[in-house]
Amino acid sequence: MLKDKSRKVELKVSADGSHTLFVPELDEHYHSVNGAYNESMHVFIEPALHFCKKETINILEIGLGTGLNAFLTAQNQGGKTIFYHALEKFPLESEAAASLNFARDPDGQQLFEKLHCLPWNKEEELQSQMTILKDENDLTNIAFSQKYDVVYFDAFAPEVQPEMWSEAIFRKIYEAMNPEGILTTYCAKGVVRRTMQAVGFTVERLPGPKGKREMLRAVK
Ligand SMILES: C[S@@+](CC[C@H](N)C(=O)[O-])C[C@H]1O[C@@H](n2cnc3c(N)ncnc32)[C@H](O)[C@@H]1O
């Protein structure tokens, strides 16, 4: 049986052939069933990482989960220097991480395995010019001590985890971002957009990944 720290998870194949995980207890997938890999590229790598023009980038991810966003960030680093702070309340057990098929070649597989083997709660070099902190922590409790240029907001949906999408959470993140910092999320709900605007973000609706009309990009 595959598990994260507290729950059973099931391995599923999404429409682009990449894996995702299903959490029966929440009746929720980690990614879009229309394509996990494509969703990550479309929602986080292209409109956030590639949109950020800085050469040295501090990234915050909510939450690390399967590591797909961190892995694709490393594969799309493009000569930048990256500090990657990945929050995760329920780390995946190693058996679940080892079953995932995101890598497309042996070098990618080695990188993905390294990502999951690195210890928690310690800054470690994932690859040249990319440091990662896998932080076993709860977004609702954490007090940030650094500033971020890019935020991948990849919590479970507001219907499943409303506490992650509150004004207090977005204010905390806004305050922890540098001016012109970029936050993206797959969620395009009006209430989420208005909550982001209420804390000060300028929010755009962008075309969503396959199966979703829109997604959001918020800029400080
Ligand atoms: C939609 S999944 C996405 C995971 C990941 N980005 C991926 O690509 O696999 C949401 C993630 O947020 C984590 N999470 C849930 N509640 C959290 C909290 N309070 N603080 C930090 N992470 C949390 C979940 O355990 C899960 O890994």
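Only a predicted model underlies this, so the values are computations on that prediction, with no experimental measurement involved. (Residues numbered from 1 in each chain as written. Predicted model: local features only at pLDDT ≥ 70, side-chain atom pairs only at ≥ 80, totals over all residues.)

(A) Broad picture of the packing of helix α5 (residues 167-175) against helix α6 (residues 190-199). Here α5 crosses α6 at 50°, and the two axes come no closer than 9 Å. In terms of axis orientation, α5 runs oblique to α6. When the axes of α5 and α6 are compared, the crossing they make is right-handed. Listed contacts from α6 to Glu167, Phe170, Arg171 and Tyr174 of α5 are Thr195, Met196, Ala198 and Val199. Of the residues assigned to the contact of α5 with α6, the class counts are five nonpolar, one polar and two charged. (Axes fitted to C-alpha atoms, helices over the stretch in contact; angles between N-to-C directions. Helix = DSSP H or I, 4+ residues; strand = E, 2+ residues; numbered from the N terminus. Parallel < 35°, antiparallel > 145°, perpendicular 65-115°, else oblique. Left-handed = near helix turned anticlockwise from the far one by under 90°. Contact = placed C-beta atoms within 7 Å. Nonpolar A, V, L, I, M, F, W, Y, C, P; charged D, E, K, R; others polar.)

(B) The arrangement of the nonpolar core in detail. In this structure, Ile59, Ala70, Phe71, Val150 and Val151 are the most contacted members of the largest nonpolar core, which totals 54 residues. Ignoring sequence-local partners within four residues, the contact set of Ala70 consists of Glu61, Leu64, Tyr84, Ala86, Leu115 and Ile132. (Core = buried A, V, L, I, M, F, W, Y, C linked by C-beta atoms within 7 Å. Buried ≥ 20, exposed ≤ 12 C-beta atoms within 10 Å, placed from the backbone.)

(C) Structural detail: the sheet that holds strand β4 (residues 28-29). The antiparallel open sheet is built from four strands, whose spatial order is β1-β2-β3-β4. This sheet does not close on itself; its edge strands, each paired only once, are β1 (2-3) and β4. Judged from the two bridges that link them, strand β3 (residues 19-23) and β4 form a sheet pairing that is antiparallel. Among the inter-strand pairings, Phe22 is bridged to a residue of β4, identified as His29. (Pairing = 2+ DSSP bridges.)

(D) Molecular detail of the pairing of strand β2 (residues 8-13). Pairing of β1 with β2, which is carried by two bridges, proceeds in the antiparallel orientation. Bridged to Lys3 within β2 is Lys8. Remark: four residues form the turn of the hairpin made by β1 and β2, two consecutive strands paired antiparallel. Examined bridge by bridge, β2 and β3 share four bridges and lie antiparallel to one another. Across the sheet, the residue bridging to Glu10 is Phe22, located in β3. Where β2 folds back onto β3 in an antiparallel hairpin, the turn is made up of five residues, including Gly17, whose phi is positive at roughly 95°.

(E) Geometry of the pairing of strand β11 (residues 202-207). Inspection of the sheet shows β11 paired to strand β12 (residues 214-219) by six bridges, in the antiparallel sense. Across the sheet, residue Glu204 finds its bridge partner in β12, namely Arg217. From the end of β11 to the start of β12, which pair antiparallel, there are six residues, and Gly211 there has a positive phi angle of about 95°.

(F) Highlighting the sheet that holds β11. Spatially, β7-β8-β6-β5-β9-β10-β12-β11 is the arrangement adopted by the eight strands of the open sheet, whose pairing is mixed. Whereas interior strands pair on both sides, the edge strands pair on one side only; in this sheet they are β7 (123-127) and β11. Averaged over all pairs of adjacent strands, the angle between their axes in this sheet comes to 20°, without regard to strand direction. As paired strands, strand β5 (residues 56-62) and strand β9 (residues 148-153) are joined by four bridges and run parallel to one another. If you follow Leu60 over to β9, its bridge partner there is Val151. In this fold helix α2 (residues 68-75) packs onto β5, β6 (81-88), β7, β8 (130-136) and β9, with an angle of close to 175° to the strand it touches most, β6.

(G) Quick look at the environment of His85. One can find His85 in strand β6. Since 23 C-beta atoms lie within 10 Å of it, His85 is described here as buried. Taking C-alpha positions, His85 is 24 Å from Val160, a pair spaced 75 residues apart along the chain. Other than its neighbours up to four places away in sequence, His85 contacts Ile59, Leu60, Leu133 and Asp135.

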